[in-house]
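Letter by letter, the chains look like this.
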Amino acid sequence: MPEITDVENEFIREEIEEYLEQPNEIERAINTFSQISSAMQEIAAALIDGDHHTVDQLTSTALEEGTDALEIMDDGLIAGMSIVGIKFRENFIFVPEVLACARAMKAGMAYIEPILSASGIEPVGTVVMGTVKGDLHDIGKNLCIMMLRGAGFVVHDLSVDTSEDEFIDAVEEYDADLLGMSALLTTTMPNMGKTIEAFIDADLRDDVKIMVGGAPVTQEFADDMGADGYGKDAVECVELSKRLLAEDDEEF
Amino acid sequence: METEINSMTSRQRVLAALSREPVDRTPVCNPTSVATVELMDLVDAPFPAANREPELMARLAATGYTELGFDTIMPVFSIIQESSALGCKIQWEQKDNWPTVKMMEPIYEDVDDINIPSDLLTHQDTKCVLDAIKILKKEYGDEVAVIGKTMGPWSLGYHCFGVEPFLLMSLDDPDKTLHCLDKLKKVTIDFGVAQIDAGADALTLPDHATGDLVSGDYYRRYLRDLHIEFVDSIPIPLILHICGRTVDRMDYIAQTGMSAFHYDSKNKPQESIEITQERISLVGNINNPETLFARGPEEVRQEVYSNLDAGIQLVGPECAIPLQTAIENLVEIPKAVQDWHSERAAQN
Ligand code: B12
Ligand SMILES: [Zn+2]
């Protein structure tokens, strides 16, 4: 089994030692980073540091040098983002720092995305996300989207104040595997249930897995309104999405 | 130290508690909003009109005292009145939801864009607040504390720049951010002072530098000194409101000299009072979504008791109460406060 000393990049080694506490997460991080090239570790480090200029530059250089776009995405950007998600969940960093990491991710993806779509590589899954009708809180939803993109999902963001019809239209248009709804207000939380009803009425409920989240939402509430899953933070949102997709594969 | 129960008016009680002087019983107070759909129906003053017309605003606000038995009246149910006057686009919503700023369409991109319009205090949405305070002061001013609300520069920054651009700027360019806050503080001061002139007894000052968004060190770096300055330039009791996790910055908050801090249920009463000690009064912290909205009077009572047991100076909900909250749960707050004091008096 690899040890922390097998991780070549000093910055990443320190990040793991300082901020990761759960044994399984430490093990996973060491496994990942001990196996990736030093160039990719540098990209991951710059992303964790929220430095979009460096990510931009390193990504472009790596591509010029012939590194595979998929490798840059998986080993550089996604691997870095997984550390960011944990640091945020544990309150080591806050929203501004995460936004800076998201900007760095975007800088790298600006090179990667066109290459991947031209080569027809399938994304992990397609997700439609939005904040429900009447609700304008979007910070949490945006962080979830960022982590989902950081995990290789294609996400269509419907922004805030999203009506039932807008959710339905987007799921159909993008042929989404998953729908994620966010609500931060008790006054708008019932709109999640209403949207689920609308999917049933439109005879589309079986076509898409529906997940919900946001501070006042609970597992109990999610079950009551007939959602397929609930996630309490952005890290869980990614795990949940992967789980729901796997269930989906079993069913078909 | 306590005087006989119910020997003070609500107004005296609130003002005493805000300066940590002896009270006959702990006052009940919501410095954010107590508007609910049920109350709107009761006095025929629904949103969105009650956010824009002074008579309706005053009528709905008064129910906090007349129907719920709270010791304060708070006419500003939203956090967007002055942002509207600054030129932000507002989604006024319907009866069952609060109005909000369309932050996806920010009005500022840079510090030079900050221009405080000359009609800041005569714009419909700021004037509405001033007129509502005048009405309330005339009608209830002797008995109840009328509390106004003036938004802090950090929250105004969210509204005018959009939350994400503003937070990114705070990371990329701290000097520019400080400069923006310094320009925006004029709105906080001018609107606050105008509400004093209109008759407000105290002011809530929301400034959402919460632990759900930014670090405690951010509060120290960007806001503590500005908040100290507000205490000097707005000469009535100020109640700082920051919802969410704040224990990590309560020590800094207690250094500002503000009269009170309105705190959220994500922070424990006992721990909070140990940090703030006698430097600032605490107001709160009954949970909104889980307790007031979703549970019953028994659970509300428990939270009131745990605040009183900890020695919290003013008891009330943690933030603007959900609009669908049942009146039954709200009237339980003053009842529980009375009972707690009667039980204590009987023990002594
Ligand atoms: C920031 C904030 C605002 C900002 C919003 C800016 C924006 N663009 O989002 C401003 C200041 C504008 C604002 C306005 C209002 N707010 Co506000 N706000 C907050 C605050 C302080 C933090 C919310 C936040 O962003 N948290 C940080 C993020 C990262 O956490 P999160 O959203 O929970 O998301 C995480 C998880 O929940 C999860 N998640 C989120 N979505 C999803 C989706 C899926 C599918 C999954 C799996 C997971 C998931 O992952 C995220 C990342 O870890 C909270 C207080 C609090 N402590 O929660 C109040 C709070 C949400 N607001 C509240 C209120 C009352 C209001 C106003 C009505 C105030 C007023 N009187 O006008 C308005 C209403 C606006 C509207 N119509 O929507 C109340 C809501 C009470 C209730 N439950 O009904 C709260 C809870 C405060 C309180 N204690 O009472 N607000
Ligand atoms: Zn609040």
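Look a little higher up for the structure.
Residues numbered from 1 in each chain as written. Chains lettered and ligands numbered in written order. Predicted model: local features only at pLDDT ≥ 70, side-chain atom pairs only at ≥ 80, totals over all residues. Heavy atoms only, no water.

### Some points on the coordination of the zinc ion (ligand 2)
Residues and elements named next belong to chain B.
- At 2.1 to 2.3 Å from the zinc ion (ligand 2) lie its protein donor atoms, namely His241 (NE2), Cys243 (SG) and Cys319 (SG).
- In terms of primary sequence, the donors binding the zinc ion (ligand 2) are separated according to H-x1-C-x75-C. Separated by 76 residues along the polypeptide, Cys243 in the loop between strand S6 (238-241) and helix H10 (250-254) and Cys319 in the loop between strand S9 (314-317) and helix H14 (327-347) bring together distant segments of the chain.
- Here Cys243 falls in the buried class, since its relative accessible area comes to 18%. (Donors = N, O, S within 2.8 Å, 3.2 Å for Na, K, Ca; no water. Helix = DSSP H or I, 4+ residues; strand = E, 2+ residues; numbered from the N terminus. Buried < 20%, exposed > 50% of the residue type's maximum accessible area, 1.4 Å probe, protein only.)

### Here we look at the coordination of the cobalt atom of ligand 1
- In this structure the cobalt atom of ligand 1 is ligated by exactly one protein donor, His137(A) (NE2), at 2.4 Å.
- Mapped onto the secondary structure, His137(A) falls in the loop between strand S1 (126-131) and helix H7 (139-150).

### Here's the deal with the side chain of Thr126(B)
All names here are of chain B.
- Positionally, Thr126 belongs in helix H5 (residues 124-140).
- A polar atom in the side chain of Thr126 sits 2.5 Å from the backbone oxygen of Leu120.
- In this structure, Thr126 is in contact with Gln81, Glu82, Ala85, Leu120, Leu121 and Phe191, ignoring residues within four places of it in sequence. (Polar contact = N/O pair within 3.5 Å; in protein donor to acceptor, adjacent residues only side chain to side chain. Contact = heavy atoms within 4.5 Å.)

### Structural notes on the site of ligand 1
- Of all residues adjacent to ligand 1, which total 45 residues, the nearest are His137(A), Asp138(A), Ser182(A), Thr186(A) and Asp212(B).
- Neighbouring residues of ligand 1 are not confined to one chain but are distributed across chains A and B.
- Separating an oxygen atom of ligand 1 from a backbone N or O atom of Asp138(A) is a distance of 2.8 Å.
- A distance of 3.4 Å separates an oxygen atom of ligand 1 from a polar atom in the backbone of Ala215(A).
- Counting residues per element, the ones that place at least two in the shell around ligand 1 are H7, strand S3 (178-182), strand S4 (209-213) and helix H11 (234-251) of chain A together with helix H12 (288-293) of chain B.
- Residue classes in the shell around ligand 1 are distributed as 23 nonpolar, 14 polar and 8 charged. (Near = heavy atom within 4 Å. Nonpolar A, V, L, I, M, F, W, Y, C, P; charged D, E, K, R; others polar.)

### A closer look at helix H8 (residues 164-174) of chain A
Residue and element names in this part refer to chain A.
- Among the residues of H8, those classed as buried are Phe167, Ile168, Ala170 and Val171. Take H8 and look down its axis: the buried residues cluster within an arc of 165 degrees, on one side only. Looking at H8, the residues exposed on the side facing more than 90 degrees away from the buried face are Asp165 and Glu173.
- In this fold, the buried residues of H8 make contact with S1, S3 and helix H9 (190-201). (Arc of directions from axis to C-beta.)

### A word on the packing of aromatic side chains
All names here are of chain B.
- In total, this model carries 11 aromatic pairs over all chains according to the counting rule given.
- Where Tyr108 meets Phe161, the ring centres are 5.5 Å apart and the plane angle is 70 degrees; that geometry is what we call edge-to-face. With a gap of 53 residues between them, Tyr108 in the loop between strand S3 (100-101) and H5 and Phe161 in helix H6 (residues 153-161) connect regions that are remote in the sequence.
- Judged by its relative accessible area of 5%, Tyr108 falls in the buried class.
- Residues Trp154 and Tyr218 carry aromatic rings whose centres are separated by 6.0 Å and whose planes lie at 90 degrees to one another, so their mutual orientation is edge-to-face. Of this pair, Trp154 sits in helix H6 while Tyr218 is found in helix H9 (residues 216-233), placing the two residues 64 residues apart along the sequence.
- For Trp154, a relative accessible area of 1% gives the class buried. (Phe/Tyr/Trp six-rings, centres within 6.5 Å; stacked < 30°, edge-to-face > 60°.)

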